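What the coordinates show
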Amino acid sequence: MSIVNALTIDVEDYFQVSALAPHFPRRQWDTVPCRVERNVDLILSLLHEYGAKGTFFTLGWIAERYPHLVRLIAMEGHEVASHGYAHQRASDQTPDAFGADIRLAKSVLEDIAGTEVKGYRAPSFSIGESNPWAHDRIAEAGYLYSSSVYLVKHDHYGVPNAPRFPYRLESGLIEMPITTVRYLGRNLPAGGGGYFRLLPYSASRWLIRRVNEQERRSAMFYFHPWEVDPGQPVVQGTTLKTRFRHYVNLSRTEGRLRQLMSDFSWGRMDEVFLDAA
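Notes on the structure in this doc start here. It should be emphasised that the depicted structure is a prediction, and the values quoted were computed from it without experimental measurement.

Describing the nonpolar core
Within soluble globular proteins, side chains that are nonpolar tend to cluster in buried spots. Residues Phe56, Tyr143, Phe221, Leu260 and Trp266 are the most contacted members of the largest nonpolar core, which totals 69 residues. Apart from the residues within four sequence positions on either side, Phe221 is in contact with Ala6, Leu7, Thr8, Ala190, Gly191, Gly192, Phe196, Ile208, Leu257, Leu260 and Trp266. Residues Val152, Met176, Ile178 and Tyr222 belong to the second largest nonpolar core, which totals 16 residues.

Topic: the pairing of strand S3 (residues 79–82)
Alternating residues of S3 divide into Glu79 and Ala81 and Val80 and Ser82, and every residue in both groups is buried. For strand S2 (residues 55–58) and S3, the ladder comprises four bridges, and the chain directions are parallel. Across the sheet, residue Thr58 finds its bridge partner in S3, namely Ser82.

Details of the side chain of Ser82
Here Ser82 shows up in strand S3. Owing to a relative accessible area of 0%, Ser82 belongs among the buried residues under this scheme. Within polar-contact distance, the side chain of Ser82 engages the backbone nitrogen of Gly84 at 3.0 Å. Those residues in contact with Ser82 that sit more than four places away from it in its chain are Phe57, Thr58, Ala105, Leu109, Val117, Gly119, Tyr120, Arg121 and Tyr143.

Overview of the pairing of strand S10 (residues 220–223)
Where burial is concerned, the two faces of S10 agree: the one with Met220 and Tyr222 and the one with Phe221 and Phe223 are both buried. Across four bridges, the pairing between strand S1 (residues 4–11) and S10 is parallel. Looking across to S10, one finds that Ile9 is bridged to Phe223.

A look at unusual backbone geometry
Positive phi outside glycine occurs at His87, with the angle close to 55°. By the element assignment, His87 lies in the loop between S3 and helix H4 (95–113). Backbone geometry at Arg216 places phi at a positive 55°, although glycine is not the residue there. Mapped onto the elements of the fold, Arg216 is located in the loop between helix H7 (201–214) and S10. When its relative accessible area of 53% is taken as the criterion, Arg216 is described as exposed.

What to know about the environment of Leu44
Its place among the elements puts Leu44 in helix H1 (residues 36–50). When residues no more than four places from it in sequence are discounted, the contact partners of Leu44 are Phe56, Leu72, Ile73, Glu76 and His78.

What counts as what
Residues numbered from 1 in each chain as written. Predicted model: local features only at pLDDT ≥ 70, side-chain atom pairs only at ≥ 80, totals over all residues. Heavy atoms only, no water. Core = buried A, V, L, I, M, F, W, Y, C linked by side-chain atoms within 4.5 Å. Buried < 20%, exposed > 50% of the residue type's maximum accessible area, 1.4 Å probe, protein only. Contact = heavy atoms within 4.5 Å. Helix = DSSP H or I, 4+ residues; strand = E, 2+ residues; numbered from the N terminus. Pairing = 2+ DSSP bridges. Polar contact = N/O pair within 3.5 Å; in protein donor to acceptor, adjacent residues only side chain to side chain.

Below, the structure is given as structure tokens:
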């Protein structure tokens, strides 16, 4: 029997990305044309075509403005989970502000979807050694699991020494890190995101197969709706690094995702990991 991996989508629009935050203050978000509807529709069609299921970590801000998208995600049999309300990094908030944000997001999403929201993912994987209190606040808010830790060294995030596979915290909360492969003394990113666009598809396939076949574990993969949208506006005045990270290979993402859907089996976070915990 083939191993089922967890497919996750962080539902946010291009102007809500942390790296572009200086160009799109939150108070102006309502004035920026959204492209999330078209992109989520494309993703849902893609998953339906390949018989895949996934978990959609959705911003409360998006859910309030596009409730039909959240209902459609749930109706299609996917898991609705929380990405917080306003896409604020956990490490940039006080414990009380963070708790209020994730409670609001959970309430909004549950009211719209009509289902329990079990999971949370921090924007930019912003839970680490500097804010261990965040996991306690997630548990207190009623979530059963978090997927907010990435074990790679990155200038915006990273907890290289955390366990590579799901682990339970003292609060009872289960943390489910993005998948990495231990190779030559370092963790290699196997779970998607910008690395999926930057590296050849064969690298992602090799890494996920290594986790499935050598470690006999399920992998977790993530991407964003804006990553299947090569027609999105190009934001002027950004740094070279930001432009490269955000726009590299956008035109190839959909094709690579089709290969990914064909090469592996994909399911929801709560069914792949939570039910087995």
